[in-house]
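Each chain, letter by letter, is given below.
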Amino acid sequence: MIRIRRILAPTDFSDHTMPAVRYAAELADKFGAELILLHVVPDTVLALPDAVMPTPAPMADLNALIEAGRTGLANLVAALKLERHKPRTEVRLGSPEREIVAAAKDLHADLVCITTHGRGGIARVLLGSVAEMIVRHAPCPVLTVRPGAC
Ligand code: ADP
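Described below are features of the structure shown in this document.

Rules used throughout
- Residues numbered from 1 in each chain as written.
- Predicted model: local features only at pLDDT ≥ 70, side-chain atom pairs only at ≥ 80, totals over all residues.
- Heavy atoms only, no water.
- Near = heavy atom within 4 Å.
- Polar contact = N/O pair within 3.5 Å; in protein donor to acceptor, adjacent residues only side chain to side chain.
- Areas by Shrake-Rupley, 256 points an atom, 1.4 Å probe, with all protein chains shown as cover.
- Helix = DSSP H or I, 4+ residues; strand = E, 2+ residues; numbered from the N terminus.
- Nonpolar A, V, L, I, M, F, W, Y, C, P; charged D, E, K, R; others polar.
- Pairing = 2+ DSSP bridges.
- Axes fitted to C-alpha atoms, helices over the stretch in contact; angles between N-to-C directions.
- Contact = heavy atoms within 4.5 Å.
- Salt bridge = Lys/Arg side-chain N within 4 Å of Asp/Glu carboxyl O.
- Buried < 20%, exposed > 50% of the residue type's maximum accessible area, 1.4 Å probe, protein only.

1. Observations concerning the site of the ligand
Here's step 1: Inspection of the region around the ligand gives 21 residues, with Thr17, Val40, Gly120, Gly121 and Ala131 positioned closest.
Here's step 2: In the environment of the ligand, an oxygen atom lies 2.8 Å from a nitrogen or oxygen atom belonging to the backbone of Ala131.
Here's step 3: Protein contact buries 92% of the 550 Å² of open area that the ligand shows by itself.
Here's step 4: Among the secondary structure elements, those contributing two or more residues to the shell around the ligand are strand S2 (34–42), helix H3 (96–106), strand S6 (111–115) and helix H4 (129–137).
Here's step 5: Across the shell around the ligand, the residue classes tally to 9 nonpolar, 10 polar and 2 charged.

As structure tokens, then:
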């Protein structure tokens, strides 16, 4: 029997990703599942641009970015009125596609909801690069929603 107990909704905070978060929340309601909102602070911010040697970002800056991610998720919960779903929120640091797939595994997600495009928003390609890697490697089904779908 198919059981949907946890639904993972990763977001880069762009408007494009909101339909997938809404789908995740509605489906969580219908299945009585836990809603998990995830933001990954990309590890590209770890290296500051330097022509010769990348310089690691200072710890204080990383902590500020992670804190900004936490605030962003709290604002998203308020903006989409998701409080009644009591969503779990999580911020990770690393490669977005790798961290999202890893989160789906270690949080035992039964479904991942994403939009086909995010901040990059290149409509020419079928899927954004993060979306494609999630569809390829997620351990569970992935629902892909077009940004303008709802
Ligand atoms: P694009 O290339 O158009 O930006 P992506 O493949 O990056 O598209 O985004 C597709 C999906 O992946 C979106 O639902 C987006 O929220 C999710 N995603 C992308 N980057 C992140 C991130 N840093 N943290 C969480 N989710 C992300």
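2. Remarks on the sheet that holds S2
Here's step 1: With parallel pairing, the 5 strands of this open sheet are ordered in space as S5-S2-S1-S6-S7. Two strands lie at the open edges of the sheet, namely strand S5 (88–94) and strand S7 (142–145), each paired on one side alone. In this sheet, adjacent strand axes meet at a mean angle of 25° when their direction is disregarded.
Here's step 2: Sheet topology note: the S2/S5 ladder contains 7 bridges and is parallel. Looking at the pairing, His39 lines up with Val91 of S5.
Here's step 3: The sheet strands contacting helix H1 (residues 18–31) are strand S1 (6–10), S2, S6 and S7, and the helix crosses S6 at an angle near 150°.
Here's step 4: Contacting S6 and S7, H4 runs over the sheet at an angle of about 160° to S6.

3. Some details on the pattern of salt bridges
Here's step 1: As enumerated under the stated definition, the model contains 9 salt bridges in all.
Here's step 2: In this structure, Arg88 engages Glu34 in a salt bridge whose closest nitrogen and oxygen atoms are separated by 3.2 Å. Here Arg88 is found in strand S5, whereas its partner Glu34 is found in strand S2, with 54 residues between them in sequence.
Here's step 3: Take Arg88: its relative accessible area is 31%, and that puts it in the partly exposed class.
Here's step 4: We classify Glu34 as partly exposed; its relative accessible area is 28%.

Without other data, these values stay purely geometric and don't point to any function.
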